[in-house]
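# Architecture and fold: a report
Here is what each chain is made of, one letter per residue.
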Amino acid sequence: MNSFDNAAFREQFPILKIKVNQQPLVYFDNGATTQKPQCVIDKYQMFYSQENANVHRASHTLSALATHSFEQTRKQVKNFIQASSIKEIIWTKGTTESINIIAQSWGRDNLKAGDEIVLTQCEHHANIVPWQIVAKQTGAIIKVLPLTADGFIDQLVINEMITEKTKVVCCAHISNVLGRINPIEKIIARAKQVNAISVIDGAQAIAHQPINVKELGCDFYVFSAHKMYGPTGVGILYGREELLNRMSPYQGGGEMIKTVSFAQTTFNDLPFKFEAGTPNIAGVVAFSAAISFLQDWSSDIENYEQKLLEYCLAKLTTISQIKMIVEGEPDIPLISFVIDDHHNHDIATSLNVYGIAIRSGHHCAMPLMAYLKLTGCLRISLSAYNTFEEIDYFIECLDKIINQEDSLPQLTENNNQLSDDIVSLFSKAKGWDGKHREIMMLGKNLNRLNKDRRNEKSLISGCESLAWLVFDKNNDGVYRFTADSDAKVIRGLLVIVLAAFNDKIAKEIHAFDIERYFEQLGLIQHLSPSRGNGVHAIVQRVRQIAR
Ligand code: PMP
């Protein structure tokens, strides 16, 4: 029997009551960040209204209060992940910074040319790029553990790949794309056998599983508060005390020192040695409420999330065009898929019209995408505040979008729109729903560029999905641009931008007030910053050409 009271849990999150595009918010992007319960919001506010002062520095009451709350949270984290001592808990600004600290602080002192760093094929960029940087600095070599067809790390090659040459093994506890629990116990054990250290990226695991770092026996375990109902800007670096003691600090500054003179500086003890400067005190204090919150609910959450996962998977399989990116079920409610003949960005922007937030793109895992021969995918990541009704609504909308996109009218001529036509079209469109439909329609009806014209030279950098721009200029200096993208929504935006610039000479192109045009269309405020930047990248490219 599942005793989880979803309604009571959900009630804790004020943001879940808001509307997006006039629809109740359905938030399925918890892998990116979770929403925050009222107790975390209250604690944040309490800190700034009653306790705010810098920590560890002054001898006044407020500083003592702030320091107490700050250090209490460290104790809470130590207990939460079963570390041996508070000296093993370092505050950072997130998983990414935690890994960078390990790579630079441990890596630069301990790696040399020819040493091997073993990563896995399913790592987030945060667990790849810091290692590439230190590999370049030291001459170490990166090796990659492959995956099986169903998205598991291939256990048959663990012993073969992790050898005496290996100095560090870095692995996600759970992949942010595959939702799979990786065999970290085996990896940690093998790393120990060959005297390599192990770094576990717990960013996705921490909200879904109890973590016991002592039992795991890893050297480092890192995660972010914001993925477990806590604030952004707070991360945790757990490291074994003995290892941390041997490591040099990553950054220098206030708080991380014992004594400073121009001749010599001595460093502070753990954990402060790694905490230069003023930390995110309010964030850490508020994080304490998130830990308590998660502990209060955790026994019931796992079972409920499993039920959500099974329900969602079963519903998704009713849509024949959906293809999971790997075979088999994920271990946490995080599902990645693609839809035949539909671009990921088109689906995600269309769902947004219905108030549904899901993620599309490469999910900061480009090597994994390349391995799976994908340019990107869609990801839904659920939390215990999500409901079966939300899944029903999502499936209903998804089905509608797939069929609607297929049924957008095919116009015969669409490549000669004028900016005035577009403004008039958009003035008739009702709400973002109507405008989005117009964009998709323009995109559907834009003639595709010949494949040979979609090349490196015509590629517009700064766009979220691939987009290409080519042009002709006649003897009178009049420009005609033609563009294309693999996503309909971007093709639609291209039509809109080019309507402003086509059949104009350079002087007219530069004189055109594009911001006012976007304002008239009511466009930019509805686009995510990355898509907005993409539109600006197109504009910039046009202006560059017409220079
Ligand atoms: N690793 C994994 C597996 C993640 O999912 C994420 C966040 N998407 C990160 C690392 C980076 O976390 P942050 O942005 O909080 O530093």
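Residues numbered from 1 in each chain as written. Predicted model: local features only at pLDDT ≥ 70, side-chain atom pairs only at ≥ 80, totals over all residues. Heavy atoms only, no water.

Here the focus is the domain arrangement of the protein. The domains assigned to the protein are domain 1 (12-34 + 89-248 + 299-404) and domain 2 (420-545). With nine residues of domain 1 in contact, the opposing surface of domain 2 contributes 13 residues. With both chains or domains summed, domain 1 and domain 2 bury close to 990 Å², and 53% of this area falls on carbon and sulfur atoms. Per element, the largest residue contribution to the side of domain 1 that touches domain 2 is six residues, and it comes from helix 11 (residues 344-353). Among the residues forming the side of domain 1 that touches domain 2, the class breakdown is one nonpolar, seven polar and one charged. (Domains from an automatic or database assignment. Contact = heavy atoms within 4.5 Å. Buried area = accessible area lost by both parts, 1.4 Å probe. Helix = DSSP H or I, 4+ residues; strand = E, 2+ residues; numbered from the N terminus. Nonpolar A, V, L, I, M, F, W, Y, C, P; charged D, E, K, R; others polar.)

Moving on to the site of the ligand. With respect to spatial proximity, the complete set of residues near the ligand consists of Gly-94, Thr-95, Thr-96, His-124, Ala-126, Asn-176, Asp-201, Ala-203, Gln-204, Ser-224, His-226 and Lys-227. The separation between an oxygen atom of the ligand and a polar side-chain atom of Gln-204 is 2.7 Å. Notes on the ligand: free accessible area 400 Å², of which the protein chains cover 86%. Of the residues in the shell around the ligand, the class split is two nonpolar, eight polar and two charged. (Near = heavy atom within 4 Å. Polar contact = N/O pair within 3.5 Å; in protein donor to acceptor, adjacent residues only side chain to side chain. Areas by Shrake-Rupley, 256 points an atom, 1.4 Å probe, with all protein chains shown as cover.)

Let us look at the pattern of salt bridges. One pass over the structure, following the stated rule, counts 17 salt bridges. Between Arg-74 and Glu-71 there is a salt bridge; the shortest N-O distance is 2.8 Å. Within this pair, Arg-74 and its partner Glu-71 are both found in helix 3 (residues 61-80), separated by three residues, close to a single helical turn. Each of the two residues, Arg-74 as well as Glu-71, counts as buried. Here Arg-480 makes a salt bridge to Asp-503, at a shortest N to O gap of 2.8 Å. In this pair, Arg-480 sits in strand 19 (residues 478-485) while Asp-503 sits in the loop between helix 16 (488-501) and strand 20 (504-505), placing the two residues 23 residues apart along the sequence. With relative accessibility at 43%, the residue Asp-503 sits in the partly exposed group. The structure contains a network of salt bridges with shared partners spanning Asp-219, Arg-240, Glu-242 and Arg-246. (Salt bridge = Lys/Arg side-chain N within 4 Å of Asp/Glu carboxyl O. Buried < 20%, exposed > 50% of the residue type's maximum accessible area, 1.4 Å probe, protein only.)

Turning to the side chain of Glu-275, a few remarks are in order. Positionally, Glu-275 belongs in the loop between strand 12 (265-267) and helix 10 (281-316). Separated by 2.7 Å, the side chain of Glu-275 and the backbone nitrogen of Trp-91 make a polar contact. Not counting residues up to four positions away in its chain, the partners in contact with Glu-275 are Phe-70, Arg-74, Ile-89, Ile-90, Trp-91, Gly-254, Glu-255 and Met-256.

Moving on to the packing of helix 14 (residues 419-428) against helix 16. Running from N to C, helix 14 and helix 16 point in directions that differ by 135 degrees, and their axes come no closer than 7 Å. Overall, the two elements helix 14 and helix 16 adopt an arrangement that is oblique. For the pair helix 14 and helix 16, the contacting residues are Ser-419, Ile-422 and Phe-426 in the first and Val-495, Ile-496, Ala-499 and Ala-500 in the second. Partitioned by chemical class, the residues of the contact of helix 14 with helix 16 number six nonpolar, one polar and no charged. (Axes fitted to C-alpha atoms, helices over the stretch in contact; angles between N-to-C directions. Parallel < 35°, antiparallel > 145°, perpendicular 65-115°, else oblique.)

Before going further, it helps to spend a moment on the side chain of Ser-458. Mapped onto the secondary structure, Ser-458 falls in the loop between helix 15 (431-445) and strand 18 (467-473). When its relative accessible area of 3% is taken as the criterion, Ser-458 is described as buried. Apart from the residues lying within four places of it in its own chain, the contact partners of Ser-458 are Arg-453, Ala-467, Trp-468, Leu-469, Val-470 and Arg-541.

For the rest of this paragraph, the subject is unusual backbone geometry. For the peptide bond that leads from Leu-270 to Pro-271, omega is 0 degrees, which places it in the cis range. When you line up the elements, Pro-271 lands in the loop between strand 12 and helix 10. Phi at Gln-22 is positive, roughly 65 degrees, even though this residue is not glycine. Within the secondary structure, Gln-22 sits in the loop between strand 1 (19-20) and strand 2 (23-24). Even without a glycine there, the phi angle at Lys-373 is positive, about 60 degrees. Inspection of the secondary structure assignment puts Lys-373 in the loop between helix 12 (366-371) and strand 17 (377-381). Note on Lys-373: relative accessible area 74%, which makes it exposed.

By size, the foremost hydrophobic cluster in this structure holds 107 residues, and its most contacted members are Phe-9, Ile-81, Tyr-221, Phe-287, Leu-316, Phe-394 and Leu-398. When residues of this core are assigned to their parent elements, the largest contribution, 19 residues, is made by helix 10. Counting residues in each nonpolar core, the second largest holds 42 residues, with Val-423, Val-489, Ile-490 and Val-497 among its members. (Core = buried A, V, L, I, M, F, W, Y, C linked by side-chain atoms within 4.5 Å.)

Attention shifts here to the packing of aromatic side chains. The tally for this structure, following the rule as stated, stands at 28 aromatic pairs. Feature note: the residues Phe-4, Phe-9, Phe-13, Tyr-229, Phe-293, Trp-297, Tyr-304, Tyr-311, Tyr-385 and Phe-388 constitute an aromatic cluster, connected by ring pairs. The residue whose ring lies beneath Arg-180 is Phe-152, and the NZ or CZ to ring-centre distance is 4.6 Å. (Phe/Tyr/Trp six-rings, centres within 6.5 Å; stacked < 30°, edge-to-face > 60°. Lys NZ or Arg CZ within 6 Å of the ring centre and 35° of its normal.)

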